[in-house]
Amino acid sequence: MLDRLPFLVGLRYVRAKRRNHFISFISLTSMLGLMLGVAVLILVLSVMNGFDHELRTRILGMVPHTKIESQEGLVEWESLAEQLMQRERVIGAAPYVEQQGMFSAGGRNQGAMVNGIHPDWEDRVSIIGEHMREGELSDLVPGEWNVVLGSMLARRLGVGVGDRVTLLVPEASITPAGVFPRLKRFTVSGIFSVGADLDASLAYANIEDMQTLARLGDAVGGLRLELDDLFIAGSETQAIVNELGPGYRGTDWTFSHGNLFQAIQMEKRMIALLLTVIIAVAAFNIVSTLVMVVTDKRADIAILRTIGATPRSIMGIFIVQGLAIGLIGIAVGVAVGILLALTISDLISWFESAFGIQFLDAGVYFISDLPSRLEWSDVRDIVLAAFGLTFLSTLYPAWRAARVQPADVLRYE
């Protein structure tokens, strides 16, 4: 019976209606604090995971993991692509020609990066084909000078499918009449949207058309490679360049978007740390609750000691009581946090449509909607951290209860 004493009495203290309503109020606030801290931490980490996931799938789905280029351009690019595809970590390869330029239409101008692509190869390294709003990549037929624009780029230019746009490239053409900027008229054959800032700064044309415009002949600008793990891009790029030898150079996604990814990871760690402090504050409210309970139950403790309860059993009673309070708050917080994490995207979308407010502008942020991705490993870590803090908060009050001397208490009863 005495072995079960801590659980029986500790749980009884949790369920009992206390004469001291202030103690009950402090217990309730401790539960609510833990609940809110756990729920908010799960929600915020899920949103940060969502940003991280969107970065990987959207931004890095459009941006090459690795680019291999040659100083003279790549002429025999097909054989090189087959050679690189033999590498264990390379899962896709496609040629490209990049050209920075400015589009003009109806008196509106907008700078953009134009990627010359091979429509039959592009889906090996990019998700662009999955995000075509109008038209298809197959419409980029050589010699027809078609172009696919990002949705925001098309909107800023005020054009749609079938309209004509002029591309001005930063290279001059020398003619008998003088030096003129190089211009070319394109027909908009498609519009894509990935919900990221690339929608405002990226366009696609056929690689043969871009070879002609850039005067590359049969050469391409380089090869884009897709890897099975984007985090090995740096080492894999260096290994490929070393294998190919002099005359080749390589760059990976960390040069263009590495800072953004590192910023998200840093923000996630700092936010998790700050919100864990909130959980710690709520958990240590249990200290004040149990200290007051110990003071209120001194007579009960003395009686239990006189009938054979050990100091260890007395400590167990208040540890059980504190853990019960904490576990209730943690359990409710986990349930609320998971529910919010799974529905926050829909809730924000409804709020934006109902009140005409846009929280994330793709022109400012790299996505236009609030993502959320629940990771069960985060939930596990949050529960363990909250439980550990709750357990620590019970030790001092339980130790004080174990030091109560029965003779000193019962002398005045």
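Provided above is the structure to which this section pertains.
Residues numbered from 1 in each chain as written. Predicted model: local features only at pLDDT ≥ 70, side-chain atom pairs only at ≥ 80, totals over all residues. Heavy atoms only, no water.

**Some thoughts on the overall build of the protein chain**
(1) Moving on: Helices and strands together make up the secondary structure of the protein chain, namely 11 helices and 10 strands.
(2) Moving on: Relative to all contacts within the protein chain whose residues are 6 or more apart in sequence, the contacts with residues 24 or more apart total 81%.
(3) Moving on: Of the accessible surface of the protein chain, which amounts to about 20,600 Å², a share of 58% is contributed by carbon and sulfur atoms. (Helix = DSSP H or I, 4+ residues; strand = E, 2+ residues; numbered from the N terminus. Contact = heavy atoms within 4.5 Å. Areas by Shrake-Rupley, 256 points an atom, 1.4 Å probe, with all protein chains shown as cover.)

**Some words on helix α10 (residues 376–402)**
(1) Moving on: Between its first and last C-alpha atoms α10 spans 38 Å; for 27 residues at 1.5 Å apiece the expected length is 39 Å, and the two agree.
(2) Moving on: A maximum bend of about 30° is found in α10 at Leu 395, where proline Pro 397 lies one to four positions downstream.
(3) Moving on: Inspection of α10 places Asp 378, Val 379, Ile 382, Ala 386, Leu 389, Thr 390, Ser 393, Thr 394, Pro 397, Ala 398, Ala 401 and Ala 402 among the buried residues, and these make up the whole buried set. (Expected span 1.5 Å × (residues − 1). Bend = angle between axes of the 7 residues up to and from the residue. Buried < 20%, exposed > 50% of the residue type's maximum accessible area, 1.4 Å probe, protein only.)

**Structural notes on the environment of Ile 357**
(1) Moving on: With respect to the helices, strands and loops of the structure, Ile 357 is situated in the loop between α9 (311–355) and α10.
(2) Moving on: Since its relative accessible area comes to 39%, Ile 357 is described here as partly exposed.
(3) Moving on: For Ile 357, the contacting residues outside a window of four places in its chain are Phe 351 and Glu 352.

**Examining the pattern of salt bridges**
(1) Moving on: According to the stated counting rule, one finds eight salt bridges in the structure shown.
(2) Moving on: Two residues, Asp 381 and Arg 380, come together in a salt bridge whose shortest N-O distance is 3.2 Å.
(3) Moving on: For Asp 381, a relative accessible area of 40% gives the class partly exposed.
(4) Moving on: Each of the salt bridges in this network shares a partner with another, and the network as a whole consists of Arg 87, Glu 236 and Glu 243. (Salt bridge = Lys/Arg side-chain N within 4 Å of Asp/Glu carboxyl O.)

**Comments concerning the pairing of strand β5 (residues 146–150)**
Note on strand geometry: in a regular strand, side chains alternate between the two faces of the sheet.
(1) Moving on: Here β5 lies mainly inside the structure; five of its five residues are buried.
(2) Moving on: Direction of pairing for β5 relative to strand β8 (residues 202–206): antiparallel, over a ladder of three bridges. Within β8, the position partnered with Val 148 by the bridge is Tyr 204. (Pairing = 2+ DSSP bridges.)

**Comments concerning the layout of surface pockets**
In this approach, a probe sized like a water molecule rolls over the atoms, and the result shows the empty space that is left.
(1) Moving on: In this structure, the largest pocket encloses a volume near 320 Å³.
(2) Moving on: Together, 17 residues line the largest pocket, and Val 63, Pro 64, Lys 67, Glu 98 and Ser 256 are the ones closest to its centre.
(3) Moving on: Listed by contribution, the elements that provide at least two residues to the lining of the largest pocket are β3 (108–117), β10 (248–252) and α7 (254–296).
(4) Moving on: Across the lining of the largest pocket, the residue classes break down as eight nonpolar, five polar and four charged. (1 Å grid on protein atoms, 1.4 Å probe; cavity = no way out; pocket = protein on both sides within 12 Å on 5 of 7 lines; lining within 4 Å. Points joined across faces, edges and corners; volume = space filled by probe spheres on them. Nonpolar A, V, L, I, M, F, W, Y, C, P; charged D, E, K, R; others polar.)

**Notes on helix α8 (residues 298–306)**
(1) Moving on: For α8, the set of buried residues is Ile 301, Ala 302 and Leu 304. Within α8, the buried residues cover an arc of 165° as seen down the axis, which keeps them to one side.
(2) Moving on: In the segment just after α8, Gly 308 is the residue with positive phi, at about 115°. (Arc of directions from axis to C-beta.)

**Notes on unusual backbone geometry**
Negative phi is the rule for most residues except glycine; trans is the rule for most peptide bonds.
(1) Moving on: Despite not being glycine, Trp 145 shows a phi value in the positive range, around 55°.
(2) Moving on: Relative to the assigned elements, Trp 145 resides in the loop between β4 (132–134) and β5.
(3) Moving on: Although it is not a glycine, Arg 215 sits at a positive phi angle of roughly 55°.
(4) Moving on: For Arg 215, the position within the fold is in the loop between α5 (207–214) and β9 (220–227).
(5) Moving on: For Arg 215, a relative accessible area of 58% puts it in the exposed group.

**Quick look at the side chain of Lys 67**
(1) Moving on: Looking at the secondary structure, you find Lys 67 in strand β1 (residues 66–74).
(2) Moving on: Only 3.3 Å separates the side chain of Lys 67 from the side chain of Glu 98, close enough to count as a polar contact.
(3) Moving on: If sequence neighbours within four positions are ignored, Lys 67 has contacts with Tyr 96, Glu 98, Leu 223, Arg 224, Arg 249, Gly 250 and Thr 251. (Polar contact = N/O pair within 3.5 Å; in protein donor to acceptor, adjacent residues only side chain to side chain.)

**Some thoughts on a nonpolar patch on the surface**
(1) Moving on: Among the surface-exposed residues, Phe 284, Leu 327, Phe 387, Phe 391, Leu 392 and Leu 395 lie close enough to one another that they form a single nonpolar patch of about 500 Å² accessible area.
(2) Moving on: Examining the composition of the nonpolar patch, we find that four residues originate from one element, α10, more than from any other.
(3) Moving on: Assignment of secondary structure puts Phe 284 in helix α7.
(4) Moving on: Residue classification places Phe 284 among the partly exposed residues on the basis of a relative accessible area of 41%. (Patch = residues over 30% accessible without salt bridge, like charges linked within 9 Å, V, L, I, M, F, W, Y side chains within 5 Å.)

**Some thoughts on the packing of aromatic side chains**
(1) Moving on: One pass over the full model with this rule turns up four aromatic pairs.
(2) Moving on: Judged by centre distance (5.5 Å) and plane angle (75°), the ring pair of Trp 145 and Phe 186 falls under edge-to-face. Of this pair, Trp 145 sits in the loop between β4 and β5 while Phe 186 sits in strand β7 (residues 178–192), and the two are 41 residues apart along the sequence. Each of the two residues, Trp 145 as well as Phe 186, counts as buried. (Phe/Tyr/Trp six-rings, centres within 6.5 Å; stacked < 30°, edge-to-face > 60°.)

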